Amino acid sequence: MTGMELLMSRYENDLHIRKLAFVLPITNSERMSFACPRLWSYSYVECFEDSGRSDAITYGVVWHKFLETLLSEMRLYDRVLSTAETLQIVDTYLGDTIKDCLLESGGDDLLTEYINFDKINPLYDTIKTNIVGWMLSWKDIMADYKVLEIELAVSAPIFDDKGKVFHHKGYVVHENDLVGGGLYTRLATTGEKSIAEPASIPFIKVGKIDVLLECRHTGDLWVCDHKTTSSPSSFDSSIPFDVQLPSYAFLLYWEINEGFLQKYKGKKVGGIFYDIYKSSVNNNPKLLKNGKLSTAKSSAVPSWVYRKAVHDNNLPISEYKDHLVYIKNNVDTRYYLHRFLHLLPSDLERCASEDYAIAEQISKKRSALVELDQSRDADGFDVIAYRFPLCQRYGNCRFSSVCVANNQPSVIYLNKNPKIKWVRKPE
């Protein structure tokens, strides 16, 4: 289909992605969901909307968004910011960032919930405290690496085992846009073959790199991803099994050599960098009866919080110099972890092969669901979109209720919002 633009959830403002036109993008999120065909079908075939976000996810969204603001300043000045500079940016932008993220994630309902249950101020205070520590932790990073790009959308075609771009042989539906007017094209959902038309759509992989770094010593490029977690050490143990960032490194490699990032041609993709940060921080230390702060080594208060307490209580910093050194070396690392992993060409090739394997399976299941005649084969959906034998999201999956009840798509009355649309380019 000519003269089309791709509209994709979370990538609406990325012109590079919009210009990809009539292609079928898959993301790492879809790949992860595909481990449970039932979850995948609800999310990516039927496109049922989320009923809401957890506080942990909301925290991560705000954290990522606010880091964009800080990193833009760090890129501009090519250095870390002082604590005073960081806090000024917090005072200027964090409140609006929180409200914007709440509105984008859950609309007025989510914003109202956070206001009515007094959840905005605690979120603000936690991020304000944590962000100071994050900036301090990047001092060594910025000494060796330069920030090149922030929130960089990248993509690459998915090739089959013969080296040709793999196509989805499926179905699309043309509909009226009741909100914006005009027509758009979307992928057909379960049982819609009778109202759809056949289409051959090239598959691509799409991802968004949080930060693209350049090593000051070698010129190599590194893919950085921010992670927030309640336990950095536990998250660290799962890194060897991560497929997201190595896949993003392959997309970057493709864009540099064949795509829109050829300004970096000749540079090597060195590897990936995990910027892992704890999502909660211990409260300010309390004054003892003698008017001093505890220097017990069992304290879990990080150095930047402890230093602020010394300042706020007008205590002489010299008396706490040794303790600050101790907690910086022994406590701070419980709050953040930095992991650099080198990648070999074989690692990138493996990601490309795995993306093809997943795309092939997704294509088959999507077409089978569309071709399903639910009036004749009531169990067909269960056969195609079966549940994962060992649910990894028990109690936390947004579709837990309809999954347990074994509801078929035709009787699930959740709002639908296609994650992928193709629209006519504006004249």
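Residues numbered from 1 in each chain as written. Predicted model: local features only at pLDDT ≥ 70, side-chain atom pairs only at ≥ 80, totals over all residues. Heavy atoms only, no water.

Chemist: It is not clear to me how the overall build of the chain should be interpreted in this structure. Could you clarify?
Modeler: For the chain, the count of helices and strands is 14 helices and ten strands. Relative to its length of 427 residues, the chain is compact, with a C-alpha radius of gyration of 24 Å against a globular reference of 22 Å. Along the first, second and third principal axes, the C-alpha set of the chain runs to 80 × 50 × 45 Å. Evaluated residue by residue, the chain yields a buried proportion of 48% over its 427 residues. The averaged location of the 55 negative side-chain charges in the chain is 3 Å from the averaged location of its 51 positive side-chain charges. (Helix = DSSP H or I, 4+ residues; strand = E, 2+ residues; numbered from the N terminus. Rg over C-alpha atoms; globule rule 2.2 N^0.38 Å. Buried < 20%, exposed > 50% of the residue type's maximum accessible area, 1.4 Å probe, protein only. Lys, Arg positive; Asp, Glu negative; His and termini not counted. Charge placed at Lys NZ, Arg CZ, Asp CG, Glu CD.)

Chemist: How should I be thinking about the packing of helix H3 (residues 37–45) against helix H12 (residues 345–370) in this particular structure?
Modeler: Two quantities define a packed helix pair, namely the angle between the helix axes and the distance between the axes. Where H3 contacts H12, the axes come no closer than 12 Å and their chain directions differ by 70°. Our classification of the angle between H3 and H12 gives roughly perpendicular. Within the contact between the two elements, H3 uses Pro37, Trp40, Ser41, Tyr44 and Val45 and H12 uses Ile362, Lys365, Arg366 and Leu369. Considering only residue class, the contact of H3 with H12 consists of six nonpolar, one polar and two charged. (Axes fitted to C-alpha atoms, helices over the stretch in contact; angles between N-to-C directions. Parallel < 35°, antiparallel > 145°, perpendicular 65-115°, else oblique. Contact = heavy atoms within 4.5 Å. Nonpolar A, V, L, I, M, F, W, Y, C, P; charged D, E, K, R; others polar.)

Chemist: Where do I start with the layout of surface pockets in this structure?
Modeler: Empty space among the atoms becomes apparent when a probe as large as a water molecule is rolled across them. Approximately 1,000 Å³ is the volume attributed to the second largest pocket. What lines the second largest pocket is a set of 41 residues, and nearest its centre among them are Val132, Leu136, Ser303, Trp304 and Val305. For the lining of the second largest pocket, the secondary structure elements donating two or more residues are helix H5 (83–116), helix H6 (120–137), helix H7 (139–144), helix H10 (303–312), helix H11 (321–330) and strand E9 (336–342). If one sorts the elements of the lining of the second largest pocket by residue count, H6 sits on top with nine residues. (1 Å grid on protein atoms, 1.4 Å probe; cavity = no way out; pocket = protein on both sides within 12 Å on 5 of 7 lines; lining within 4 Å. Points joined across faces, edges and corners; volume = space filled by probe spheres on them.)

Chemist: How should the packing of aromatic side chains be read in this particular structure?
Modeler: When we look at a pair of aromatic rings, we describe it by the centre distance and by the angle of the planes. Evaluation of the coordinates by the stated rule reveals 20 aromatic pairs. Relative to phenylalanine 340, the ring of tyrosine 145 lies with its centre 5.1 Å away and its plane at 15°, an arrangement referred to as stacked. Of this pair, tyrosine 145 sits in strand E3 (residues 145–157) while phenylalanine 340 sits in strand E9; the two residues are 195 residues apart in sequence, bridging distant segments of the chain. The buried category is assigned to tyrosine 145, whose relative accessible area is 11%. Lying across the ring of tyrosine 11, lysine 208 places its NZ or CZ 4.7 Å from the centre. Over the face of the ring belonging to tyrosine 44 we find lysine 419, whose NZ or CZ atom lies 5.1 Å from the ring centre. (Phe/Tyr/Trp six-rings, centres within 6.5 Å; stacked < 30°, edge-to-face > 60°. Lys NZ or Arg CZ within 6 Å of the ring centre and 35° of its normal.)

Chemist: Any chance you could explain unusual backbone geometry here in plain terms?
Modeler: Negative phi values dominate among residues other than glycine, just as trans dominates among peptide bonds. Its identity as a non-glycine residue notwithstanding, glutamate 151 has a phi of 50°, on the positive side. Following the sequence through the fold, glutamate 151 ends up in strand E3. For asparagine 406, which is not a glycine, the phi torsion comes out positive at approximately 55°. Here asparagine 406 lies in the loop between helix H14 (400–404) and strand E10 (420–424).

Chemist: What should I look at first to understand helix H9 (residues 244–257) in this one?
Modeler: Helical geometry note: an α-helix holds 3.6 residues per turn, so side chains three or four residues apart project in the same direction. Taking 1.5 Å per residue, 14 residues should reach 20 Å; H9 reaches 20 Å between its end C-alpha atoms and fits that length. Counting buried residues in H9 gives eleven out of 14 residues, a clear majority hidden from the surface. Along H9, the positions that sit buried rather than exposed are Gln244, Leu245, Pro246, Ser247, Tyr248, Ala249, Phe250, Leu251, Leu252, Glu255 and Ile256. (Expected span 1.5 Å × (residues − 1).)

Chemist: What is the right way to read the pairing of strand E4 (residues 167–176) from this model?
Modeler: In summary, the side chains of a regular strand alternate between the two faces of the sheet. The pairing of E4 with strand E6 (residues 197–215) spans six bridges and is antiparallel. Following the sheet pairing, lysine 169 is matched in E6 by serine 200. As defined by bridge partners, E4 adjoins strand E5 (residues 183–187) across five bridges and the pair is classed as antiparallel. Paired with valine 172 across the bridge in E5 is leucine 187. (Pairing = 2+ DSSP bridges.)

Chemist: Sorry, what's going on with the environment of asparagine 116 here?
Modeler: With respect to the helices and strands, the residue asparagine 116 is situated in helix H5. In this structure asparagine 116 comes out as exposed when scored by relative accessible area, which is 59%.

Chemist: Help me out: how do you make sense of the state of the cysteines in this one?
Modeler: Defined simply, a disulfide is a covalent bond joining two cysteines at their sulfur atoms. A full pass over the atoms with the stated rule returns zero disulfides. Here cysteine 101 is not cross-linked by a disulfide; its sulfur's nearest cysteine counterpart is in cysteine 224, at 18 Å. (Disulfide = S-S within 2.5 Å.)

Chemist: Any chance you could explain the pattern of salt bridges here in plain terms?
Modeler: Should the charged atoms of two oppositely charged side chains come close, the side chains can pair. A full pass over the atoms with the stated rule returns 24 salt bridges. Residue glutamate 30 is joined to arginine 366 by a salt bridge in which the shortest nitrogen-to-oxygen separation is 3.8 Å. Of this pair, glutamate 30 sits in helix H2 (residues 28–33) while arginine 366 sits in helix H12, placing them 336 residues apart in sequence. Both residues of the pair, glutamate 30 and arginine 366, belong to the buried class. Measuring nitrogen to oxygen at the nearest pair gives 3.9 Å for the salt bridge that ties glutamate 319 to lysine 292. (Salt bridge = Lys/Arg side-chain N within 4 Å of Asp/Glu carboxyl O.)

Chemist: Mind showing me how you'd approach the environment of leucine 221 here?
Modeler: Following the sequence through the fold, leucine 221 ends up in strand E7 (residues 221–229). Excluding its chain neighbours within four sequence positions, the residues that come into contact with leucine 221 are Leu148, Leu212, Leu213, Glu214, Leu252, Ile256, Tyr264, Lys267, Lys268, Val269, Gly270 and Gly271.

Chemist: When you look at the nonpolar core in this model, what are you seeing that I'm missing?
Modeler: A general feature of soluble globular proteins is that nonpolar side chains tend to end up buried together. Formed by 55 residues in total, the largest nonpolar core has its most connected members in Leu70, Leu71, Met74, Trp134, Trp138 and Leu213. By residue number, the principal contributor to this core is H5, which donates nine residues. Discounting chain neighbours no more than four positions away, the residues touching methionine 74 are Arg79, Val80, Leu81, Trp134, Met135, Trp138 and Met142. Judged by nonpolar contacts, the second largest core, of 42 residues, contains Tyr44, Phe166, Ile384 and Val402. (Core = buried A, V, L, I, M, F, W, Y, C linked by side-chain atoms within 4.5 Å.)

Chemist: What is the right way to look at H6 in this model?
Modeler: In a regular helix each residue adds 1.5 Å, so 18 residues correspond to 26 Å; H6 covers 25 Å between its end C-alpha atoms and thus fits that length. Those residues of H6 that fall on the buried side of the exposure criterion are Ile120, Leu123, Tyr124, Ile127, Asn130, Ile131, Val132, Gly133, Trp134, Met135 and Ser137.

Chemist: I would appreciate a short explanation of the environment of serine 410 in the present structure.
Modeler: Within the fold, serine 410 resides in the loop between H14 and E10. As for serine 410 and methionine 142, which are separated by 268 residues in sequence, their C-alpha atoms are 53 Å apart.

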